Amino acid sequence: MTTEDKATEHKATLSFSDGTPSVDFPMMKGTVGPDVIDIRKLYGATGKFTYDTGFLSTASCNSTVTYIDGDAGKLLYRGYPIEQLATHCDFLEVCYLLYYGELPNAPALEEFKDLVMHHTMVHEQMQFAIRGFRRDSHPMAILTGLVGGMAAFYPDSLDINSPEQQDISFVRLVAKMPTMVAMAYKYSIGQPYIYPVNRLGYASNFMHMMFATPCEDYEPNPVLVRAMDRIFTLHADHEQNASTSTVRLCGSSGTSPFSAIAAGVACLWGPAHGGANQACLEMLEQIQADGGMAKVGEFMEKVKDKHSASRLMGFGHRVYKNFDPRAKLMQETCKEVLAALGLENDPIFKLAMALEKIALEDPYFVERKLYPNVDFYSGIVQRALGIPTSMFTCIFALARTIGWVAQWKEMITDSEYRIGRPRQLYTGSVERDVPPRRGRS
Ligand code: SDX
C-alpha cells in the first residue's frame, strides 16, 4: 500500500501556544488497528520534532507481515491467527507464509522444504572461525559472530537489490540457523559437531544436531519434535519489537542481510527482550532453591517494591494488555511435553502455574495489565526438551530469523524506504571554547 492508498479524508490539526501557526497533517488508515498521523512534514512545516523515546506512540513503518491486537490478545501472521497456525501448520509452512505472504499448496510446500533442507550445511571454514571463541562463551555471543560471519562466507548473496540474491539469503538464513545454533551448543560442551541429515524434518534435524553424538544412534521423540516445531512457530515474528526494529534500522543502510540479522540476534539477547526466557527459568529455579511455594509471597513483595530491581520475568508486555496468545499455547505445549516425559509433577512447572495464578489475582499486576508473555513457559518446556538454559535465546533467535528476514525484505522492497535516521532533543552544553589544558580544574 502506498501513502496514497492509506490516506483518509480526515486530518489532524496541530495548534501551538507559542505563536507557531497551526498545521494540518494527513491521517492514514491501515486494514486494521490504530490510524496514524503522517508527521513526515512536521519539521519542515514547524521546525519542531516529536519526542517519543521507546516509541510508545510511533509507527516506524507500514507492514503487511504481522498484526497484534494487544487488548484482545490476538496475534496474526499474514492475517492468520497464531492458534490456527500452531495447530494446523508446521514451521517451514509458516516460514513460507511470512516470506511470500500466502500459505503454500502441498507441491509448493514440498518444493520449499526440499530447497531449505538442501541448504542446511554451513561453509566448512565456519568451524575454524568458531574456534576463536572461548569454550565458555555464551552461545548468543558465538551466534552473533557466526551470523555476521555469513557475509564473509556467502559473498555471492550480498546484493540487496537482486531479488534472486534476496531469496537465496532468505533460504540460507532459515536453513543454516539450526546448524549454527547446534554448533554453538556443541562447541560450548566440547562435543563434536553433528552434520545435518537432510532426510529429517526441520525440527527433527535440529534436535539431532543438538543431541546426537557420533557414538550412538539418536531418534528424537515425535511428541518432542512437534513441540520444538511449535515453539519455532510461536516465536517466528511479532511486529516491530526491539530486535526487528534493529534489523530494519540496520538494514536501511543497505548493508547485507546477514549483517542486519546479526544485529537482530545481538538485540534479542537482552533480558528485557529475548533473554527473558533464560531469566525467567533462572528466577523460577532460584525461588525453588530458596524454598519454593513458601517463598513466593516474599518474592512477589520484592517484585512490587519500586526500590527493588526484581521483576516477574516472563510477565508484562509493551503491546499485550491481555494474555499473550503465545503464552497460552506454550503452556499447552509444556503440559504435552511434561506428560510425554512423565514429568507432570515437575515442581518448576507447578511453581510457575502457582505464580501465574497469584499474579493474575494481585492488584499490582491487574492494575498494570501484566500478563504472562511468550517467555513465561518457554523456558520450562525447553528445559524439559533437554535444551540447556544458556541456549534458550538461541532457540528464540533461530525461530525469529524468519520474521527478521520477512520484515527486512518488506523494507528493502518498499518504494518509500529510506535510511532510518531519528533526531533528538538536545540537552547538552551550548557552544563553548576549549580552555587551555593548564587552566582546567
Ligand atoms: C519479548 O516487543 C515484543 O513483541 C517482544 C516479544 C517478541 O516476541 O518479540 O514479545 C518478546 O521480549 C517479551 C517480553 C519479555 N520480557 C520480560 O518478560 C521481562 C519482564 N517484563 C518487563 O521488563 C516489561 O514488562 C517489558 C519490558 C516486557 C515491557 O516493558 P514496558 O512496556 O516498557 O513497561 P514498563 O517497564 O514501563 O512497565 C509498566 C509498569 C511499571 O510499573 P510502574 O512504573 O507503572 O509502577 O509495569 C511494571 C513496571 O515496573 N512492570 C513489571 C513487569 N513488567 C512491567 N513489574 C513487575 N514485573 C514485570 N515483569
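For the structure itself, look to the data block above.
Conventions we followed
Residues numbered from 1 in each chain as written. Predicted model: local features only at pLDDT ≥ 70, side-chain atom pairs only at ≥ 80, totals over all residues. Heavy atoms only, no water. Near = heavy atom within 4 Å. Polar contact = N/O pair within 3.5 Å; in protein donor to acceptor, adjacent residues only side chain to side chain. Areas by Shrake-Rupley, 256 points an atom, 1.4 Å probe, with all protein chains shown as cover. Buried < 20%, exposed > 50% of the residue type's maximum accessible area, 1.4 Å probe, protein only. Helix = DSSP H or I, 4+ residues; strand = E, 2+ residues; numbered from the N terminus. Salt bridge = Lys/Arg side-chain N within 4 Å of Asp/Glu carboxyl O. Pairing = 2+ DSSP bridges. Core = buried A, V, L, I, M, F, W, Y, C linked by side-chain atoms within 4.5 Å. Contact = heavy atoms within 4.5 Å. Phe/Tyr/Trp six-rings, centres within 6.5 Å; stacked < 30°, edge-to-face > 60°.

1. Notes on the site of the ligand
Inference 1: Close contacts around the ligand come from 24 residues, with H238, R311, H317, R318 and R326 the closest.
Inference 2: Measuring from an oxygen atom of the ligand, one finds a side-chain N or O atom of H238 at 2.6 Å.
Inference 3: H317 places a polar side-chain atom, nitrogen or oxygen, 2.6 Å from an oxygen atom of the ligand.
Inference 4: Here the ligand, which alone exposes 1,000 Å², has 77% of that area covered by the protein.

2. Remarks on helix α4 (residues 91–100)
Inference 1: The buried count for α4 comes to nine of ten residues, which makes it a mostly enclosed element.
Inference 2: Taken together, the buried positions of α4 are F91, L92, E93, V94, C95, Y96, L97, L98 and Y99.
Inference 3: Backbone geometry just downstream of α4 places G101 in the positive-phi region, at approximately 95°.

3. Comments concerning the pattern of salt bridges
A side chain with one charge may pair with a side chain of the opposite charge, provided their charged atoms come close.
Inference 1: Applying the stated rule across the entire model yields 19 salt bridges.
Inference 2: The partner of E410 in a salt bridge is R248, with the nearest N and O atoms 2.7 Å apart. Taken together, the residues E410 in helix α19 (residues 392–412) and R248 in helix α11 (residues 242–251) connect sequence positions 162 residues apart. One exposure class covers both E410 and R248, and it is buried.
Inference 3: Across the salt bridge formed by K304 and D362, the nearest N and O atoms sit 2.4 Å from each other.

4. Describing the sheet that holds strand β4 (residues 66–69)
Inference 1: Strand order in the open sheet formed by three strands is β4-β5-β6, with antiparallel pairing between adjacent strands. Each having just a single partner strand, β4 and β6 (80–81) make up the two edges of the open sheet.
Inference 2: With four bridges connecting them, β4 and strand β5 (residues 74–77) associate as antiparallel partners. When the bridges of β5 are listed, I68 appears paired with L75.

5. Some remarks on the nonpolar core
Inference 1: Judged by nonpolar contacts, the single largest core of 116 residues is most densely connected at L143, F206, M228, F232 and L312.
Inference 2: At 14 residues, the largest contribution of residues to this core is made by α19.
Inference 3: Excluding residues within four positions of it along the chain, F232 makes contact with F91, Y202, A203, F206, I395, L398 and A399.

6. Notes on the packing of aromatic side chains
Inference 1: All chains considered together, the criterion is met by 20 aromatic pairs.
Inference 2: Centroid distance Y43 to F49: 4.8 Å. Interplanar angle 35°. Geometry classified as tilted.
Inference 3: A centroid spacing of 4.7 Å and a plane angle of 50° characterise the contact between Y96 and Y100, whose relative ring orientation is tilted. You can see Y96 and its partner Y100 sitting in helix α4, four residues apart, about one turn around the helix.

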